[in-house]
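# Coordinate inspection notes
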Amino acid sequence: MRAEKFFRDGEIVSARFGNSSFNDGEIWGDATKRSQARFVHGFLFFSDWHGTVLSDPAVAPEYAAFALHVARSWAADYGDGTRMPEVSHHDETTAQRLIQLISLLPRLKDFVPQHDYNWLAELAMDTARLLATDDFHATGNNHGMFQDIALLYFSVMCDFASPNEREDFFATATTRLHSYFSSSFTSDGVHIENTPTYHLMVSKHVHGVLDILSKTGHPDADYYESLLRNAAEYATHAVMPNGMYPPISDTTQQLETRAARQNIFDSAEFAYAASAGKIGSKPERRTLVLPDSGYAIYRSSWGNPKASFAYFSAAYNANYHKHSDDLSLFLRSDGVDLLSEAGAYGYDYKDPLTKYGYSSYAHNCLVVDGISLPRTDGSAHLTTLEAHDIRTDGYKVTGRTRRLTDTAHSRTVDIQERDGIPYIDVSDTIESSGEHSYELLWNLGTDVEAVVHGQGFELFHDGRKVMDLQFDADVPTKVSLHKGEMRPKPLGWRFPRFGEALPAPVVKIAFQGSRAQLHTRIRLADFSYLDRGLNDKSAAWRRSNGSVGLNYLSVPASSASGQGNSQSSSQQSTRQATSPSTTRSPLTRPERTHYTSLTISATKALTTWRTTATGPFSPRLKR
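Residues numbered from 1 in each chain as written. Predicted model: local features only at pLDDT ≥ 70, side-chain atom pairs only at ≥ 80, totals over all residues. Heavy atoms only, no water.

Scanning the protein chain from terminus to terminus reveals 14 helices and 21 strands. Counting the 623 residues in the protein chain, one finds 55% classified as buried. Summarising the internal contacts of the protein chain: among those between residues at least 6 apart in sequence, 64% fall at separations of at least 24. (Helix = DSSP H or I, 4+ residues; strand = E, 2+ residues; numbered from the N terminus. Buried < 20%, exposed > 50% of the residue type's maximum accessible area, 1.4 Å probe, protein only. Contact = heavy atoms within 4.5 Å.)

If you want it as structure tokens, here you go:
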């Protein structure tokens, strides 16, 4: 148990940050990791104490004394309010600390001396007064929401405060909360901070506010009931088939089973989605398109953890938690992330991986002249989503952004089913007034392996083909595969949680010009490329480095002279596949013999390529 570990070993345990030494209060001065510092200064390690060790009469006295010791340790340096460094009195951190104090106070009352209880109550009172000031309030974002929720809880639960002050806190909190919530959801009922888990978190607090206002007969209760009904639809459809939200923006990926049972929404459909079909009722619709919010979501079925799931984002609803992900497409199928995103590495903006996680390079987007789209620029109106066709089995939508340098990018995503199988077509149109270099990125999941071809790539999982992507372009293109690179800048990374980085493949399609059109076909079955066993580790595929790089499968010589017959050589050459690899494998004697005949076939293929290719980077070898 976390509380026992802290009490007995002096270690603060966090699933997000690991174990940290309390070191008799030295931890308060460690601000090297901003996210972790906010965790400890917010007293969030106390979050489960009131329901565990402080509820057990056998151990509650010693844990109550220790909790008081920890609070005094913090207050020795920061409690009087004269020293307010950025982390200890960060707006949301201060609100979280008050919420934890409110939870601790009724539990400690019977186990600590009265003067100690009075001291802790005064610390909570001073914190509430700080949150009530206009100068300290974070208006217009969820940090301010936490401040006002903490103030609301204090006004309702802390009877040691004077009635007049509690009434003032209640009025301040409810007025601010109504102002925030009425401006923080789109007309589609989606929270504006660009992240599904934040949408769920804020909705959970809407539910908490509604519960208090309903019991006090407050006139705003009806408004909050309507707000929750609208928010439930997006919260339901944005959940992936495995019961987790996709790694969009600053999403923290975790199973949402607990949320399914918390009655956040009066919706059996949300409970079904968040529990991966274990409870609740199956939703009737499988597609959700929200043009005002900028999202288009599809799934092939409900209740199947291996169902196909696509999430297209043309959203810029606020600056908070915004990534440079305009027109990014996420795709999961058969229980595996196929087209993915890096996720968030942390909030330390000096860290190169943090910068990468926010950049266009970490999403399935377009990059102009090697410079990522800025995370925010105050031009939210330049990114839009238009719905052309919304069907029970898919949709056709177009996302557009003019936020790029001298460039307009539009992406049409068309998903339709044939015999229950989703077929996905993506059309990209790039227009600019001058010449630019472009990179179109496809970030891939960590559990897949990519085999790259001149006009696309195949994805394999556990040796089995799971996706095929092919594209046509009206400009010369160069396709390359990258993974886990740090120089000249980060590329090919996945962040499953804050501070953790895993190498992940990313395919880059590079081209130049003032305008371009690319049509991409994504297939999850009925593949155009045959499965040639390229991903089979037991197969003896090797690499040649002629004018055109080729993968080849060596076969023994079939004649006394060591030369295979021309038919076999020709047949063998049809099993070739282009790849960006440049590693040469040493050839044994039989391989050298067959390599000679293979070179003849490669030369013929090169001649064909020179006459049919659209440019020096677009070989169209017959396969």
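Next comes the rest of the account.
The biggest cluster of nonpolar side chains holds 97 residues, and the ones touching the most others in it are W28, F45, W49, F154 and F181. Per-element accounting of this core gives the leading share, 10 residues, to helix α3 (residues 60-78). Apart from the residues lying within four places of it in its own chain, the contact partners of F45 are F6, I12, W28, F39, V40 and V70. L366, Y395, V466 and V475 belong to the second-largest nonpolar core, a separate cluster that totals 47 residues. (Core = buried A, V, L, I, M, F, W, Y, C linked by side-chain atoms within 4.5 Å.)

Quick look at the sheet that holds strand β4 (residues 295-299) now. One open sheet holds the five strands; their spatial order is β3-β4-β5-β6-β7, and the pairing between them is antiparallel. Two strands in the sheet have a free side with no partner beyond their single neighbour: β3 (287-290) and β7 (336-339). Across the sheet, the mean angle separating the axes of adjacent strands is 15 degrees when strand polarity is ignored. With five bridges connecting them, strand β5 (residues 309-313) and strand β6 (residues 328-333) associate as antiparallel partners. Each residue of the ladder has a partner; that of Y311, found in β6, is F330. (Pairing = 2+ DSSP bridges. Axes fitted to C-alpha atoms, helices over the stretch in contact; angles between N-to-C directions.)

Moving on: helix α6 (residues 142-157). An ideal rise of 1.5 Å per residue puts 22 Å on 16 residues; α6 measures up with 22 Å between its terminal C-alpha atoms. A side-chain oxygen of the first residue of α6 lies 2.8 Å from the backbone nitrogen of H143; this N-cap is N141. (Expected span 1.5 Å × (residues − 1). Polar contact = N/O pair within 3.5 Å; in protein donor to acceptor, adjacent residues only side chain to side chain.)

What follows is about the packing of aromatic side chains. Any aromatic ring pair is given by two values, namely how distant the centres are and how the planes are angled relative to each other. Going through the model one piece at a time under the given rule, you end up with 32 aromatic pairs. Relative to W49, the ring of F6 lies with its centre 6.2 Å away and its plane at 65 degrees, an arrangement referred to as edge-to-face. Pair noted here: F6 is in helix α1 (residues 2-9) and W49 is in the loop between α2 (34-41) and α3, with a separation of 43 residues, a long-range link. Considered together, F6 and W49 belong to a single accessibility category, that of buried residues. Each ring, one from Y223 and one from Y224, has its centre 5.2 Å from the other, and the planes form 70 degrees; the classification is edge-to-face. (Phe/Tyr/Trp six-rings, centres within 6.5 Å; stacked < 30°, edge-to-face > 60°.)

A few words on the pairing of strand β12 (residues 421-443). In regular strands, side chains alternate between the two faces of the sheet. The pairing of strand β8 (residues 366-368) with β12 spans three bridges and is classified as antiparallel. Residue pairing across strands places L366 opposite L440, the latter belonging to β12. Hairpin connection, strand β11 (residues 407-418) to β12: the antiparallel pair is bridged by two residues, and D419 has positive phi, about 55 degrees. Examined bridge by bridge, β12 and strand β19 (residues 505-523) share 17 bridges and lie antiparallel to one another. Across the sheet, residue E439 finds its bridge partner in β19, namely A510.

With 84% of its residues at a pLDDT of at least 70, the protein chain reaches an overall mean of 86. Low pLDDT, under 50, characterises residues 559-623; the stretch is placed with 96 contacts to residues that sit more than four places away or in other chains. (pLDDT = per-residue confidence, 0-100.)

Our focus in this paragraph is the environment of L331. Mapped onto the secondary structure, L331 falls in strand β6. Not counting residues within four places of it along the chain, the set of residues in contact with L331 comprises F309, A310, V336, D337, L338, L339, I424, M467, I522 and L524.

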